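Close look at the chain arrangement
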Amino acid sequence: MRKYIVFRAQGRQPGWEDRMLSHTHSLTRILAEYFDSSDRPIPQPGYRPTEFVRVEAEHEPNFHGWSTHYKTGDWEVARVETYTPDIPNLPEGGSSEFGMVVICYCRYNPIDAALKPMPDRQVSIDGFGGDTEAYERWLESQKDRQAAEV
Amino acid sequence: MPKNPAWLRYDPDENISRHAATDDEYCYEMETKYGWTLKRIEKLKGDTLKADRAIEGKTEFPKPFHAQDDDNA
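Cut-offs applied
- Residues numbered from 1 in each chain as written.
- Chains lettered and ligands numbered in written order.
- Predicted model: local features only at pLDDT ≥ 70, side-chain atom pairs only at ≥ 80, totals over all residues.
- Helix = DSSP H or I, 4+ residues; strand = E, 2+ residues; numbered from the N terminus.
- Rg over C-alpha atoms; globule rule 2.2 N^0.38 Å.
- Buried ≥ 20, exposed ≤ 12 C-beta atoms within 10 Å, placed from the backbone.
- Contact = placed C-beta atoms within 7 Å.
- Nonpolar A, V, L, I, M, F, W, Y, C, P; charged D, E, K, R; others polar.
- Pairing = 2+ DSSP bridges.
- Core = buried A, V, L, I, M, F, W, Y, C linked by C-beta atoms within 7 Å.
- pLDDT = per-residue confidence, 0-100.
- Arc of directions from axis to C-beta.

This next bit is on the overall build of chain A. Within chain A, the secondary structure is distributed over 1 helix and 10 strands. Listing each helix as α and each strand as β along chain A from the N terminus yields β-β-β-β-β-β-β-β-β-β-α. For chain A, the C-alpha radius of gyration of 20 Å lies well beyond 15 Å, the compact-globule estimate for 150 residues. Of all 150 residues assigned to chain A, the portion counted as buried reaches 17%. Expressed as a percentage of contacts within chain A between residues at least 6 apart in sequence, the contacts between residues at least 24 apart total 65%.

What follows is about the interface of chain B and chain A. On the chain A side, the residues contacting the 31 residues of chain B number 28 residues. Elements with a minimum of two residues in the side of chain B that touches chain A: β1 (10–21), α1 (24–34), β2 (37–43) and β3 (51–59) of chain B. Ranked by residues supplied to the side of chain B that touches chain A, first place goes to β1 of chain B with 8 residues. Looking at the side of chain B that touches chain A, its residues break down into 14 nonpolar, 8 polar and 9 charged. Two elements, strand β4 (residues 30–36) of chain A and β2 of chain B, share 2 bridges in a ladder whose sense is antiparallel. Pairing of Phe35 of chain A across the sheet is with Leu38 of chain B, part of β2 of chain B.

Attention shifts here to the sheet that holds strand β6 (residues 69–72) of chain A. All names here are of chain A. The sheet built from 3 strands is open, its strands ordered β5-β6-β9 with antiparallel pairing. Only two strands of the sheet have a single neighbouring strand rather than two, namely β5 (50–53) and β9 (116–117). Both β6 and β9 contribute to a ladder of 2 bridges, which runs antiparallel. Residue pairing across strands places Tyr70 opposite Lys116, the latter belonging to β9.

Okay, the nonpolar core next. Cys106 of chain A together with Cys27 and Leu38 of chain B are the most contacted members of the largest nonpolar core, which totals 26 residues. Counting residues per element, the ones that place at least two in this core are β1 (3–9), β4, β7 (75–83) and β8 (100–108) of chain A together with β1, α1 and β3 of chain B. Those residues within four positions of Cys27 of chain B in sequence are excluded, and the remaining contacts are Ala21, Leu38, Ile41, Ala51 and Arg53 of chain B.

A few words now on the environment of Asp47 of chain B. Tracing the chain through its elements places Asp47 of chain B in the loop between β2 and β3. Looking at Asp47 of chain B, the number of C-beta atoms within 10 Å reads 9, which means it is exposed.

Residue and element names in this part refer to chain B. With respect to the helices and strands, the residue Cys27 is situated in helix α1. Judged by the 24 C-beta atoms lying within 10 Å of it, Cys27 is buried. Cys27 sits 11 residues away from Leu38 along the chain, and the two C-alpha atoms are 8.0 Å apart.

Residues and elements named next belong to chain B. Residues with a pLDDT of 70 or more make up 62% of chain B, whose mean pLDDT is 76. The lowest-confidence element of chain B is helix α2 (residues 65–72), averaging 46 in pLDDT; the highest-confidence one is β2, averaging 96. Per-residue pLDDT stays below 50 along residues 67–73; that stretch engages in 1 contact with residues further than four places along the chain or on separate chains. For this predicted complex, the interface confidence score (ipTM) comes to 0.93, while the overall pTM stands at 0.87.

Attention now goes to α1 of chain B. What sets the pattern is the α-helix's 3.6 residues per turn: residues three or four places apart point alike. Residues and elements named next belong to chain B. Of all the residues in α1, the buried ones are Tyr26, Cys27, Met30, Glu31 and Tyr34. The buried side chains of α1 occupy one side of the element, clustering within an arc of 145° when seen end-on. One or two positions beyond α1, positive phi appears at Gly35, with a value near 70°.

This next bit is on unusual backbone geometry. Despite not being glycine, Arg12 of chain A has its phi angle at roughly 60°, a positive value. In this structure Arg12 of chain A comes out as exposed when scored by C-beta crowding, with 8 C-beta atoms within 10 Å.

This paragraph deals with the environment of Asn89 of chain A. All names here are of chain A. Inspection of the secondary structure assignment puts Asn89 in the loop between β7 and β8. Classification of Asn89 as exposed rests on a count of 10 C-beta atoms within 10 Å. Considered as a pair, Asn89 and Gly99 are 10 residues apart in the sequence and their alpha carbons are 9.9 Å apart.

Structure representation (structure tokens):
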């Protein structure tokens, strides 16, 4: 069952004025969201969502997205609510996008977690939506790029 | 366990994996196809690969059969 897991700050938590959706400039209590198709259990109180960090001095545009590191986060789940769709199987066929929505209310409880560098990224044909030609073109371009760098 | 039985190289205790894609849609497709937990998608600076997703656990793609043959040669 696919789950949409939202981590939200509880009320009266620090930093509220800096939590903003960048495309609308609306303040938000959303801290993170996971899309979970695994069979792992949903987060429970005490779970800390992963926090992604950018260390400016170590950011390499050709290697990183925004984040350079990640760590066990400073927010801790305090309470969990779950919601399931009214109609799991849609009348027009198929099923709802999520089998469960999970809201995790979090409190700020910082810890001194170690920063871990973001790993190398993997590239596969799935990242090209199964487009074999596009994937092979990209592989060729990487060979050309490596040859140019030698 | 991942939904795809061919997915042998997956360890949920191994922190974070990164996978690139040309479109954010493919990030979600892979999450559902392989039974992963997608924690984040970031924008990549690139002409082709434009999305970078962070996945819970260590994920490795099985080698293509011909590459395995090469290894065993």
